Amino acid sequence: MSGPVLLMGAGSGLATSGLLYLASYLRRHGVEAYARPFDSAPSLSELERRTHALLELTRPSLVGISLKWFLHLHRGLFIAKVIKEHDPSIRVVLGGDTASHYYRELLEFDCVDHVVRGDGEAPLLAIVQGHPHPNAWTRARAATSLVGLQGLYTQTRDDDDSSLSELDSIFLCEADRYFVPPFVVGGKGCSQGCLYCGGARTAQATNFGRRKSFMRPVDAVRRDIQALLPRAYTLVYDFSDHPLHDPVTGLAALWEGLDLSKSGILYYAWRVPPPEFVALLSATHESVTLGLDFGCFSERQRSALIGAHLLKPLPEDRAFLDVIEHAAQYPNVRVRVSGVSGLPFLEAEDLDRERALISTLAAYPQVEDILFDRVHAQPGAPMLAELEAYGMRSPVRDFRDFLGWSREHAPNGEYRPPVLAHVSDPGALPNAVFEREIALTEHHRETRAQIDVALAARARDPARLSTLADLSGRSFVRATRSRVLNRYRPREWWLEFERPPIPDAELDIEMARVIIGHVWQKEFGAVSVPALLVDWVLAEFERPTTAEAALRRIVARGGALDADNLLPVLRHFYEHGILDEQS
């Protein structure tokens, strides 16, 4: 291979975190690899300009593009096309869930040289080294020779070869570190068969050859945590099902000996954990968000779906509420809940049940967010193959449909999925809309507005800290529930071709005013801030103190900060709940 490998993400959020594992794997095998998980270009024309500049900077001989979810299809293929226009000799490799599912169709594009199906570490290395691999498909290869993944390379617990390493060499700039969620991969695969999910058991078996999920060895996960801690304040966990059979024992062993007392955690629980699990999270971490998935917010409908084996096993509402109420005992714990609206077996009473439960959830002060989305089409989801059996209709069904949808509705990877609709009986006219769908659409709009109003009522008004006089005599302390996500150094934020026209002397101030919060505030309930603001400013508020006293100590330690610059920082910290005012 004549040049390095560049790995790029076609979308944002958790979907791109796997690129760090791939780049780490390549570097451990002697390959110069870089990861650019997400490019924040606001338009395709700007994305094209940045891609050309990025290729000039890294001079890769191979570029891997992550196509995790279908909403990234158009943007991913657009990046591939730009790469080939820049230099036709650069090999382009696609991988991820959507690439694995639509490998035949993607190999028909001239801008795609290879598609990796399933786990990517070993197949990608083989492509880089010029060796054949059964999971790596080449465009020149006849489509008739493509076979299933049974018996091919699939990672298991005993031979999982993915882990994080050499992260400082992988990132090209501080913006890359900022945009990448500090995601800890605890396990792989899924043992559940939720009918609407494109990553569930059947899709895992078809696209990855993985018929059984597994938890990664404790030592491997610990090493990943240790690699991320110097670069992030809050780690994001998704342990597929739950670690081992006992989440409390399993995670206690994982975290034993690690100092996480100044670390935050966002933990997505696939099932309802026991109360002692909340106690463990609270005692181990400075701040905690526990994610609880209700499946759907109607207990009757949830039970019907579970009884038909169309949804993972979940308890009645009371079990969820018990955990939420238990979390109120811990001042550093918050909860976010999620549920899918519009699933099959919907009855009119389910709309009332959903709204009643959501009202109950919104009344809990420890519930920080309620994720309430309509069910939508996903490639590989079991339901998509038999929508008519459930009295539903989709605006997209096959590869061309999904590609067209991503081009029209999500050219930059936005979250605008194709919603599934409830329709009339099979004998009705094709354009007839089931009255239940009309009611559901209105219900979702009104309930979403209800959630927004309830959460907005909790928002803090930073206007009360508009001037230096507003700070006088006020005492602040770091909030126990606050979470800072990634840390970064503002002066090393941009690659040169992305750098805005701001003098170096103003960068720190500008980052404090503009960048704090950004994309992760909504997704993770945490803010990313310059490391200097955490190490110099926030550190002064571990105990209640006034702004004047904190500023004096910062200056005494050699910090170049004055009251005018401190004001916007404290205002941001207060607005996002990182600082509380001490009464």
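For clarity, every value in this text was computed on a predicted model and none was experimentally measured.

The rules behind these values
- Residues numbered from 1 in each chain as written.
- Predicted model: local features only at pLDDT ≥ 70, side-chain atom pairs only at ≥ 80, totals over all residues.
- Heavy atoms only, no water.
- Helix = DSSP H or I, 4+ residues; strand = E, 2+ residues; numbered from the N terminus.
- Buried < 20%, exposed > 50% of the residue type's maximum accessible area, 1.4 Å probe, protein only.
- Contact = heavy atoms within 4.5 Å.
- Pairing = 2+ DSSP bridges.
- Axes fitted to C-alpha atoms, helices over the stretch in contact; angles between N-to-C directions.
- Polar contact = N/O pair within 3.5 Å; in protein donor to acceptor, adjacent residues only side chain to side chain.
- Phe/Tyr/Trp six-rings, centres within 6.5 Å; stacked < 30°, edge-to-face > 60°.
- Lys NZ or Arg CZ within 6 Å of the ring centre and 35° of its normal.

Engineer: Before we move on, can you summarise the overall build of the protein chain with the specific residues and values?
Structural biologist: If you tally the helices and strands in the protein chain, you get 23 helices and 21 strands. Across the 583 residues in the protein chain, those meeting the buried criterion constitute 58%. If you take every contact in the protein chain between residues at least 6 apart in sequence, the share linking residues at least 24 apart comes to 76%.

Engineer: Tell me about the sheet that holds strand β3 (residues 62-66), and please be specific about residues and values.
Structural biologist: Strands pair in a sheet through their backbones, by hydrogen bonds, and they do so in one of two ways: parallel or antiparallel. Reading across from one edge, β2-β1-β3-β4-β5-β6 is the order of the six strands in this open sheet, with mixed pairing throughout. Lying at the two open borders of the sheet, with one neighbouring strand each, are β2 (33-36) and β6 (136-138). Strand after strand, the sheet turns through a mean of 20° between neighbouring axes, direction not considered. Bridge count for strand β5 (residues 114-116) against β6 is three bridges, and the pairing is antiparallel.

Engineer: Can you tell me about the environment of T546, naming the residues and giving the values?
Structural biologist: Tracing the chain through its elements places T546 in strand β20 (residues 545-546). For T546, a relative accessible area of 24% gives the class partly exposed. Along the primary structure T546 and S472 are separated by 74 residues, whereas in three dimensions their C-alpha atoms are 7.7 Å apart. Apart from residues lying up to four places away in sequence, T546 is in contact with G473, R474, S475 and F541. Of note is the side chain of T546, whose polar atom sits 3.1 Å from the backbone nitrogen of A549.

Engineer: How would you explain the sheet that holds strand β21 (residues 579-582) if you had to name every residue and give the values?
Structural biologist: Taken in spatial order, the three strands of this open sheet run β20-β17-β21, and their pairing is antiparallel. Lying at the two open borders of the sheet, with one neighbouring strand each, are β20 and β21. Strand direction decides the pairing type here: strand β17 (residues 475-478) and β21, joined by four bridges, are antiparallel. Among the inter-strand pairings, F476 is bridged to a residue of β21, identified as E581.

Engineer: I'd like to hear about the packing of aromatic side chains, residue by residue, with values.
Structural biologist: In this structure the tally under the stated criterion is eleven aromatic pairs. Both rings, one in F297 and one in F372, keep their centres 6.0 Å apart while their planes meet at 40°; by these two values the pair is tilted. Remark: F372 occurs in strand β14 (residues 367-374) and F297 occurs in the loop between β12 (287-293) and α13 (299-307); sequence separation between them is 75 residues. Comparing F297 with F372 shows no difference in burial state: the two are buried. One aromatic cluster in this structure is built from F70, Y102, F109, F399 and F402. One cation-aromatic arrangement involves K68 over W69; the distance from NZ or CZ to the ring centre is 4.8 Å. Its guanidinium or amino end placed over the ring of Y574, R460 lies 4.8 Å from that ring's centre, counting from NZ or CZ.

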